Amino acid sequence: MAENVKATEAKSIELPANLTVRELAEAIEASPIQIIKTLMSNGVMANINQHIDFDTAAVVAAEMGYEATLLKVDELESKPVGEVPLWRQLIANEDKKNLKPRAPVVTILGHVDHGKTTLLDAIRQTSVVNEEAGGITQHIGAYQASHKERLITFLDTPGHAAFTAMRSRGAQGADVVILVVAADDGVMPQTKEALAHARAARVPIVVALTKVDRPNANPELVKKQLADNGLIPDEWDGDTIVVPVSAKQKVGLEDLLEAILLVADNTEILANPAGEVIGTVIEGERDPSRGVIATLLVQNGSLKMGDTVVVGTAYGRLRAMFDFAGKKIEEAGPSTPASVLGLNDVPVAGEPFRVVENEREARNLVAERAEKEKADKNSPVGALTLESMFEAFQAGHVRELRLIVKADVQGSLEPIVSSLEAMKSKDKEGEIGVHVLHTGTGNISESDIQLAGASKAIVMGFNVVADGPAQRKAEKEGVSIRLYDIIYRMTEDVEKALKGMLKPELKERVIGKAEVLQVFKISRYGKIAGCRVTEGELRRGAFLRIYRDKTLVYEGELTSLKHEKDDVKEVKTGFECGINLKDFDDFKEKDVIECYVRELVAAQ
């Protein structure tokens, strides 16, 4: 039997999202010639080694007496992710005796112009492990430094936007965050945002107090500002290490590296070098002479030359590997960044990658993901709302209500936050509380939405509005924004959400209408209704009603929609289309089709 194909019971078979004609023949114990003939009768010309998709294979299998279902090969990613990145889930399931310490992975966040890049450059110049030039000399987004014969991996992508992009894709590549604060400037709004991102990721924080050599530096004032924001310095009996540094004068760099290792030693930073290979994409680009170049950070297992890697809908067999200095390598263990050649497409930064057995499994995995992406695009983005929160609590997906709160003035903000943080509720699993990730005065901005999207939080505003870019990003990311002008209404809604009292209402919304112009009969599909859209749009995956002389004759889901010969997801007003339904074909000319969607609407 073909790989990734298994019969589960008589006349029932599981098929992957993509397979060859030969593999299908082996799976259903038929000759390839029979399969090719059946494909030809259905209008598909294919040879024995040609790949066909699941839908085509299922049609052939049905004609051979088999009922096909889609084989799920992406087992790791089909597990609920929740707040834990895939690689952390994998390590949690490893046998403890196989886990070994690995180098901590560090990223640098902070306000613009506070010296993030200068600090990274200074560390690179003084502590970099390997400075040999090699085959790839371009910047690869990560490097390794050494302190006391121990490695530290730095993600050379400063800025919380890059850090958040990784978290929003379930990656969370960093083990330690260095929060850079300038001694002459202090805690700024962007510093607070960066701090909120680090806290939301639940990553330990070390503060690098930069520019201490400047005459107007005031370290003690900055430490007070840090303490006011919950980062109490260790010298004030707090638990935040604050290291004064001057990148230009190379002062304090050794102390900073020492602090990173100290924090790492208090955190279990482990991996199984011999386990399943999984990690995160740091960067990806297409080079005119070399093809696709991707920088991968290995987080478990050991990536080797010749491995077949899958990341998103890209895959390939690695034909070259380089370390951060461009030197050719054969293997990269946990916490090691590697620049690789061999992928068929440019991967997205922040995407998790995996090593699979061979290219056949990679193709099947990619085909399955492509189908899922296609289905997801046809489904509206579901925002995490107050109405849906209690269901998420009960399902065990979250144990706290995460909020980002903006208000017009500081005087309003303080009582709102104190009231919200005091709220608690209980379910069968225990206590549910409110976690205010970030607060601020002024209108809701795009950066607020970015933090909310990565942290699965709800944005609440008092006497403020969301600006245009924020609204567009919220719609795209599925972030819920709630605005209030009375404080008790805000706190009342949160209280109801915690107690499960805010129940959304399922309402219908008509999105389009069409008229049947002609009915066709095609042997392969049955009857097809040729229609013209008269209002709005018809959308695949939506619901429809068919009326004849104002009498309802059918109601169901719109599963097949064609424009000319192409499958499409929507057809707009004025265009013609073809509709085919699985359980109805009694179309008549002049039938009226009403297309609608069902939406959860907030309780009033």
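The structure contained in this document is the topic of the report that follows. (Residues numbered from 1 in each chain as written. Predicted model: local features only at pLDDT ≥ 70, side-chain atom pairs only at ≥ 80, totals over all residues. Heavy atoms only, no water.)

### Some words on the packing of helix 2 (residues 32-41) against helix 3 (residues 54-63)
- Two elements in contact, helix 2 and helix 3, have axes whose closest approach is 10 Å; the angle formed by their N-to-C orientations is 110°. As the angle between them shows, helix 2 and helix 3 are arranged roughly perpendicular. Within the contact between the two elements, helix 2 uses Ile35, Thr38, Leu39 and Ser41 and helix 3 uses Thr56, Val60 and Glu63.
- Looking at side-chain class alone, the contact of helix 2 with helix 3 contains three nonpolar, three polar and one charged residues. (Axes fitted to C-alpha atoms, helices over the stretch in contact; angles between N-to-C directions. Helix = DSSP H or I, 4+ residues; strand = E, 2+ residues; numbered from the N terminus. Parallel < 35°, antiparallel > 145°, perpendicular 65-115°, else oblique. Contact = heavy atoms within 4.5 Å. Nonpolar A, V, L, I, M, F, W, Y, C, P; charged D, E, K, R; others polar.)

### Examining the side chain of Asn272
- Structurally, Asn272 is set in the loop between strand 13 (270-271) and strand 14 (278-287).
- Overall, the relative accessible area of 7% leaves Asn272 in the buried class.
- At 3.0 Å, the side chain of Asn272 and the backbone nitrogen of Ala274 are in polar contact.
- In this view, Asn272 contacts Glu94, Asn98, Leu99, Asn300 and Gly301; residues no more than four positions away in its chain are not counted. (Buried < 20%, exposed > 50% of the residue type's maximum accessible area, 1.4 Å probe, protein only. Polar contact = N/O pair within 3.5 Å; in protein donor to acceptor, adjacent residues only side chain to side chain.)

### A look at helix 9 (residues 219-228)
- Turning to helix 9, its buried residues number three or more, namely Val222, Lys223 and Leu226. All buried residues of helix 9 lie within an arc of 105° about the axis, which places them on one face of the element.
- Residues of helix 9 that are buried in the fold lie against strand 10 (176-182), strand 11 (205-210) and strand 12 (242-244). (Arc of directions from axis to C-beta.)

### With respect to the sheet that holds strand 14
- Taken in spatial order, the seven strands of this open sheet run 18-17-22-14-15-21-19, and their pairing is antiparallel. Of all the strands in the sheet, the pair left with one neighbour each is strand 18 (314-317) and strand 19 (320-322). On average, each strand axis in the sheet is inclined to that of its neighbour by 35°, with strand direction left out of account. (Pairing = 2+ DSSP bridges.)

### A closer look at the pattern of salt bridges
- For the structure on display, the rule yields 24 salt bridges.
- The partner of Glu576 in a salt bridge is Arg532, and the shortest N-O contact between them spans 3.0 Å. Placement of the pair is Glu576 in strand 35 (residues 576-580) and Arg532 in strand 29 (residues 526-539), with a sequence separation of 44 residues.
- Given a relative accessible area of 41%, Glu576 falls into the partly exposed group. (Salt bridge = Lys/Arg side-chain N within 4 Å of Asp/Glu carboxyl O.)

### Some words on the packing of aromatic side chains
- In this structure the tally under the stated criterion is five aromatic pairs.
- Between the aromatic rings of Phe543 and Tyr596, the centroid separation amounts to 5.7 Å while the plane-to-plane angle is 25°, which identifies the pairing as stacked. Of the two residues, Phe543 is situated in strand 30 (residues 543-548) and Tyr596 in strand 36 (residues 592-601); the sequence distance between them amounts to 53 residues.
- Note on Tyr596: relative accessible area 1%, which makes it buried.
- Put simply, the rings of Tyr143, Phe154 and Phe324 pair up and form one aromatic cluster.
- The ring of Tyr596 carries the charged tip of Arg545 above its face, separated from the ring centre by 4.1 Å. (Phe/Tyr/Trp six-rings, centres within 6.5 Å; stacked < 30°, edge-to-face > 60°. Lys NZ or Arg CZ within 6 Å of the ring centre and 35° of its normal.)

### Some details on the pairing of strand 29
- Summarising the sheet, strand 29 and strand 35 pair through four bridges and their orientation is antiparallel. If you follow Cys531 over to strand 35, its bridge partner there is Cys577.
- The pairing of strand 29 with strand 34 (residues 570-572) spans three bridges and is antiparallel. Paired with Arg539 across the bridge in strand 34 is Glu570.

### What about the packing of helix 8 (residues 189-200) against helix 14 (residues 446-455)?
- Packing of helix 8 against helix 14 leaves a shortest axis separation of 10 Å and a crossing angle of 5°. Viewed along their axes, helix 8 and helix 14 adopt a mutual orientation that is roughly parallel. Packed against helix 8, whose contacting residues are Glu193, Ala196, His197 and Ala200, the element helix 14 presents Ser447, Leu451 and Ser455 at the interface.
- Residue composition of the contact of helix 8 with helix 14, by class: three nonpolar, three polar and one charged.

### Considerations on unusual backbone geometry
- Phi at Lys211 takes a positive value of approximately 60°, unusual for a residue other than glycine.
- Along the chain, Lys211 turns up in the loop between strand 11 and helix 9.

### What about the pairing of strand 7 (residues 105-110)?
- Among the six residues that make up strand 7, six are buried, leaving the element largely enclosed by the rest of the structure.
- Of the two faces of strand 7, the one lined by Val105, Thr107 and Leu109 and the one lined by Val106, Ile108 and Gly110 are each fully buried.
- With three bridges joining them, strand 7 and strand 9 (residues 150-155) adopt parallel strand pairing. Its bridge partner being in strand 9, Thr107 is matched across the sheet by Leu155.
- Two elements, strand 7 and strand 10, share five bridges in a ladder whose sense is parallel. By the bridge assignment, Ile108 is partnered in strand 10 with Ile178.

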